[in-house]
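Secondary and tertiary structure notes
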Amino acid sequence: MTSQVSSPAEKTDGALVGEQRAPGDGGEGKEVRRLDRVIIRFAGDSGDGMQLTGDRFTSETASFGNDLSTLPNFPAEIRAPAGTLPGVSSFQLHFADHDILTPGDAPNVLVAMNPAALKANIGDVPRGAEIIVNTDEFTKRPMAKVGYATSPLEDGSLEAYNVHPVPLTTLTIEALKEFGLSRKEAERSKNMFALGLLSWMYHRPTEGTEKFLRAKFAKKPDIAEANVTAFRAGWNFGETTEDFATSYEVAPATKAFPTGTYRNISGNLALSYGLVAASKQADLPLYLGSYPITPASDILHELSKHKNFGVRTFQAEDEIAGIGAALGAAFGGSLAVTTTSGPGVALKSETIGLAVSLELPLLIVDIQRGGPSTGLPTKTEQADLLQAMYGRNGEAPVPIVAPKTPADCFDAALDAARIALTYRTPVFLLSDGYLANGSEPWRIPEVDELPDLRVQFASGPNHELADGTEAFWPYKRDERTLARPWAIPGTPGLEHRIGGIEKQDGTGNISYDPANHDFMVRTRQAKIDGIEVPDLEVDDLSGEANTLVVGWGSTYGPITAAVRRVRGAGERIAQVHLRHLNPFPRNLGEVLRRYDKVVVPEMNLGQLSTLLRAKYLVDARSHTQVSGMPFKAEQLAEVLKEAIND
Amino acid sequence: MTETIPEEKPAQIEALSLVPKAEAKQSMKDFKSDQEVRWCPGCGDYAVLAAVQGFMPELGLAKENIVFVSGIGCSSRFPYYMNTYGMHSIHGRAPAIATGLASSRRDLSVWVVTGDGDALSIGGNHLIHALRRNVNLKILLFNNRIYGLTKGQYSPTSELGKITKSTPMGSLDAPFNPVSLALGAEASFVARTVDSDRKHLTSVLRAAAAHPGTALVEIYQNCNIFNDGAFEVLKDKDQALEAVIRLEHGEPIRFGAPAPDGLGSKGVVRDPATGDLKVIDVLEEGTDGVLVHDAHAASPTTAFALSRLADPETLHRTPIGVLRNVERPVYDTLMSDQLDSAVEQKGKGDLAALLAGNDTWTVVG
């Protein structure tokens, strides 16, 4: 999921999965096949450790050098009733020897730890795919719980798949019998057995996982060794048992990546690092005021670890206090941030309006999730765009920046900080659950290539009064940016008062004058409209496309993958992806008018297309999905083809 | 029954040790902004403003390091009239905003100005959490027992059954006692004073300013338009004898018409039967059991019991003065200490090392 624009030389993302390239050497009597890409989905109970298993496989895959993209998918309940459909947690990983853009539409391999996991996921699994099931769980009660009258392993309903029945629980307990653990304790390592098996199947390195387990259970060396043993037993099982006749190689994606040092990174981690980097580059202390909320809490957790960077994290009594404290810190000269999700934004709205009126820099990070109300806390959606754009009383414009991939959250955070600091304004950073929890390889930037975000605090008078005396006017603006001076407490001679009541232009004193209010409203709007954002670069290889697809935020991966499929099928299509939603890039209107047809796929009911239609009077066609899941490239490709040929 | 009460500490302003001092001597005028004061003529807020402006020079702090943060309401216009840094924020949120400022800037003296509606109704949550955290804030709660700026609805401190525009048949909700509430919220400093008693008001401000941590000062303030005379019983010299219990650290808690010893003829004692406080006539029962006020008592129970002596209807037996003044760890100091110990433990943050993490691979072109 590197952020490259596709070129004709590249293969489409629609290549047949599992395509055999060169039969490998069947060393040790087993066949090794080469694949260009694989999609694996681990599925089990919420308590089965599927997210951890997925994370470990991802780390191994990243360090091996494949390109990858992940999709964790879990219920909001911490431990839903065991063995039920609502309790199923899964982790999908797509890895390849080339540049890929999405976690993949459908898994080639499903690991189902119990009947519920099989039932919840089988619908997504294409015929011919491999399914590894934990047969120990396919007993009467667990099957009855999810409505299997007969065992799907025996009634022929899985005939179209390549099923590997493995008694994962029994094998794990057997492997750990010398540890003297209770059955229940031993059973817990079955996810590591499964991980070992899959690691063997796909030739993953294992040192990282063993190191990880020993560090994670450093205080319980017995448990650490039990997990390592289960992991190795899984590996050995794959190598020795006849049921697994073939293992697979997916070569490192050397050509997909520019030269550099890489790591795997999730969106929330990249965003956290972006904030720390912005603080460093601005030479301002970072202050986070936040209240825990899914899927944003990881940023609070992460930043709390970095106090040695001068980062202050304040877990507030509520969402309002979170942003309030951040705003107070901004007044004092910190790089201030509040992190939340949609319901939290609703509570923060009044304070965001205050920040608009005070014209202080403030980052509002919204990790969007399914709505309305509590909605789908652990699922993704892009339905807060209009809330960010308009969700305040009065005319209260706020710039909006949206990252497009997990790793891009780093750059987007720096960009949002640039706008906030330069223009003295609150800025929305709109990520979402898919970006937050998904991960991909990231080329680690050199610190000296990061942007310089340093600001000048006001240090002296900026205005001469009629009688010749010098004064400080808190609302006297920079002519180019329209930003007002940032004079922080502690600066002698610049004592001033600011507030949410309308203020007189220049002096900042309370003013109810009609003409002044009209002027101030228009000036605040003009400041946001005038923010410098780069022009859009259109990806239109042929230059002859008549259809343009416009996206924003996390749909970048699926849309770009769909565009590659469409082009692979010989069609022409142009693509733009918006990072800046407010203000829009200057050339957006001109770009939109260049094409006969404009398609706007979004994970909402058409919020960007509403904005585009209103602002540019173009006949934008909205394609929407609000399932809590990202678009599938194949389906999106069909939509685009239909539009092209309409 | 005798109690030994520790001496009042010398007025060492420990809370403000990190705030730079003024270079020259200041006067009240230095703290007046150029803005015209727009409260109603006769409003109690004028007296409080004058008292604060008059008291500030005594602190001797660089005025650029003083910040007043307010919410919404009549009293919340206060910052505009102070020639310091100031923010007139939104309804109820001043303690949260001030928390962010104070916890990120320990070189500032941060004051919150709020009212009974602002602090106890819409902003109640922020108030109790600021108190429990013990952030270095001085909160001046102007209590006029009415909503003034919205023109006269009952407030969370209005007496039960109050007839107002929104309660023509009388209010139905029991009032908060702000002092009791603050004590229940783990406040380390709680005081009450009255707008018209400048000397008392100033003495309370002095104690609040010296307190490291959150100081809550409830100021009974007259709204002469919508709730005139609400505190008359505390201000009228004759009635005040019975109505006001003046608390002084280390002094016996006596009030009422003077007894031959010059102190009040009534005393506050602990009722051995219930453990609660009660009022006795010292002329009849003697002074032996009369409590000596200990603002520094580790337990807040006596302070709480004192706060409950006041009758919410008549305001009789209203204690004023510093009810509680104890030291406990201050939030912003703790926060800052954590930053220091993180640097000690891990070294100063290295951005390149952070970004790289522990698990990287290299692609060579």
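Residues numbered from 1 in each chain as written. Chains lettered and ligands numbered in written order. Predicted model: local features only at pLDDT ≥ 70, side-chain atom pairs only at ≥ 80, totals over all residues.

Let us look at the overall build of chain A. Across its full length, chain A carries 20 helices and 24 strands. In terms of C-alpha radius of gyration, chain A reaches 27 Å, essentially the compact-globule figure of 26 Å for 646 residues. In terms of principal-axis extent, the alpha carbons of chain A reach across some 95 × 60 × 45 Å. For chain A, with 646 residues in total, the buried portion stands at 55%. Intrachain contacts of chain A at a sequence separation of at least 6 include 75% that bridge at least 24 residues. (Helix = DSSP H or I, 4+ residues; strand = E, 2+ residues; numbered from the N terminus. Rg over C-alpha atoms; globule rule 2.2 N^0.38 Å. Buried ≥ 20, exposed ≤ 12 C-beta atoms within 10 Å, placed from the backbone. Contact = placed C-beta atoms within 7 Å.)

Looking now at the pairing of strand β13 (residues 362-368) of chain A. Moving residue by residue along a regular strand, the side chains alternate between the two faces of the sheet. All names here are of chain A. The buried count for β13 comes to seven of seven residues, which makes it a mostly enclosed element. Alternating residues of β13 divide into Leu362, Ile364, Asp366 and Gln368 and Leu363, Val365 and Ile367, and every residue in both groups is buried. Strand direction decides the pairing type here: strand β12 (residues 335-340) and β13, joined by four bridges, are parallel. Paired with Thr340 across the strands is Asp366, a residue of β13. Tracing the backbone out of β12, into helix α12 (residues 342-358) and back to the parallel element β13 gives a crossover that is right-handed. Inspection of the sheet shows β13 paired to strand β15 (residues 426-432) by seven bridges, in the parallel sense. Looking across to β15, one finds that Ile364 is bridged to Phe428. (Pairing = 2+ DSSP bridges. Right-handed = clockwise from strand over helix to strand, strands pointing away.)

For chain A, per-residue confidence averages 93 on the pLDDT scale, and 96% of positions sit at 70 or higher. The low-confidence segment residues 1-27 of chain A (pLDDT under 50) makes 55 contacts with residues lying over four places distant or belonging to another chain. (pLDDT = per-residue confidence, 0-100.)

Residue and element names in this part refer to chain A. Across the sheet, which stays open at both edges, the six strands sit in the order β3-β4-β2-β5-β6-β7 with mixed pairing between neighbours. In this open sheet, the two edge strands, each paired with only one partner strand, are β3 (67-73) and β7 (162-166). The mean angle between the axes of side-by-side strands here comes to 15°, regardless of whether they run parallel or antiparallel. When strand β5 (residues 109-112) meets strand β6 (residues 130-134), the two strands line up parallel, connected through four bridges. The residue of β6 that forms the bridge with Val109 is Glu130. (Axes fitted to C-alpha atoms, helices over the stretch in contact; angles between N-to-C directions.)

This part takes up the environment of Ala574 of chain A. Residues and elements named next belong to chain A. Along the chain, Ala574 falls in strand β21 (residues 574-578). Of the residues examined, Ala574 has 22 C-beta atoms within 10 Å and is grouped as buried. Between the C-alpha atom of Ala574 and that of Leu450, which follows or precedes it by 124 residues, the distance is 30 Å.

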